[in-house]
Each structure stands twice: as C-alpha cells, then as structure tokens.
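As a plain string of letters, each chain reads:
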Amino acid sequence: MSKLFAISLSALMLFQSFNIGADDIMQLDELMEHAQFHQQEYGDNFFIFLSKHYGELKAEHSKKHQEEQKDHEELPFQCQGHMSSVVAFLPSILPFYSNAIEIIDTTESNFHYFNLYSSLHEKELLQPPKQA
C-alpha cells in the first residue's frame, strides 16, 4: 500500500511540474476531436496537428484559420502561467531630520526575584533502603 501511495504521489508531482492540471485532463477529448477534424479537413496526421497547435507552425496556423480561434482556446495545455515580481527602491523625498536623543537616567529599579523552584536534595526522595 505504501508503494502505491509513493508512486501516485510521484506521478502527481511529475504532472504538477509539467503544469498539467485536472482541467487539462478534462479537455483531452476536445483535443482528440479537433485532431480528427484536422485529419478529415486538412489530411494532417497527429504530429503535424501538434506542431500546428503547440509547435513551430502555431503562428502560421492561427493567422490562416481565424474561424477556428474559439476551438483553439478550448484545447488543453494553453495556460501561460508565470510569476513575476518587481522590486522598487524609492528613496525618501522628505529631508532627514536628526533630533537629539534625550537619555533619561532613573535610579528606580523594577526588578524582583522569586525563587520558583524546589530542589530534590532537600526533600531526600531518593533514599536507599534502610536496615530494620
């Protein structure tokens, strides 16, 4: 059972690293339907179909066939996920005013010490047995 769990967890991590989600798997039937459409309409095999929609022929195919744009948007693996962050350093516009720091000397102390522990040596709990 643990091997099955490890294999399924590894497969899940592999799919997530390729950015494959559940919505992409649900859209695989639309991919197959569109591939069959290309085979019947244009005589393309599956590899040419993949090249037209995901490879080097994508730009040319999208320019020539604008009427299929709605079908192309429903194909899986179309997400363009990325993350960017912008770090900006803006210096303060206000002038820096240095105020004199006042040091207040107080002789009053606010420290109290309480002995909050007890020693086991005083109670002699661990004694060897005595002779009777």
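Up top is the structure these notes are about.
For clarity, every value in this text was computed on a predicted model and none was experimentally measured. (Residues numbered from 1 in each chain as written. Predicted model: local features only at pLDDT ≥ 70, side-chain atom pairs only at ≥ 80, totals over all residues. Heavy atoms only, no water.)

1. Remarks on the environment of Gln 36
Among the structural elements, Gln 36 can be located in helix H3 (residues 28-42). The class for Gln 36 is partly exposed, based on a relative accessible area of 46%. Remark: the alpha-carbon pair of Gln 36 and Phe 46, spanning ten residues in sequence, is separated by 8.6 Å. (Helix = DSSP H or I, 4+ residues; strand = E, 2+ residues; numbered from the N terminus. Buried < 20%, exposed > 50% of the residue type's maximum accessible area, 1.4 Å probe, protein only.)

2. Section: the pattern of salt bridges
Scanning all chains against the criterion turns up three salt bridges. Among the ionic pairs, Asp 44 bridges to Lys 52, the shortest N-O distance being 2.7 Å. The class of Lys 52 is buried, set by a relative accessible area of 16%. (Salt bridge = Lys/Arg side-chain N within 4 Å of Asp/Glu carboxyl O.)

3. Description of the side chain of Asp 44
Along the chain, Asp 44 falls in the loop between H3 and helix H4 (46-54). What makes Asp 44 buried here is its relative accessible area of 9%. Side-chain polar atoms of Asp 44 contact the side chain of Lys 52, separated by 2.7 Å. Setting aside anything within four residues of it in sequence, one finds Asp 44 in contact with His 38, Gln 39, Phe 49 and Lys 52. (Polar contact = N/O pair within 3.5 Å; in protein donor to acceptor, adjacent residues only side chain to side chain. Contact = heavy atoms within 4.5 Å.)

4. Examining H3
Think of an α-helix as 3.6 residues a turn; residues three or four steps apart then line up on the same face. Between its first and last C-alpha atoms H3 spans 21 Å; for 15 residues at 1.5 Å apiece the expected length is 21 Å, and the two agree. Along H3, the residues classified as buried are Leu 31, His 34, Ala 35 and His 38. Each buried residue of H3 sits inside an arc of 105 degrees when the element is viewed along its axis, so together they form one side. For H3, the exposed residues lying more than 90 degrees away from the buried face are Glu 33 and Gln 40. Of the surrounding elements, those touching the buried residues of H3 are H4, helix H5 (58-64) and helix H6 (69-73). (Expected span 1.5 Å × (residues − 1). Arc of directions from axis to C-beta.)

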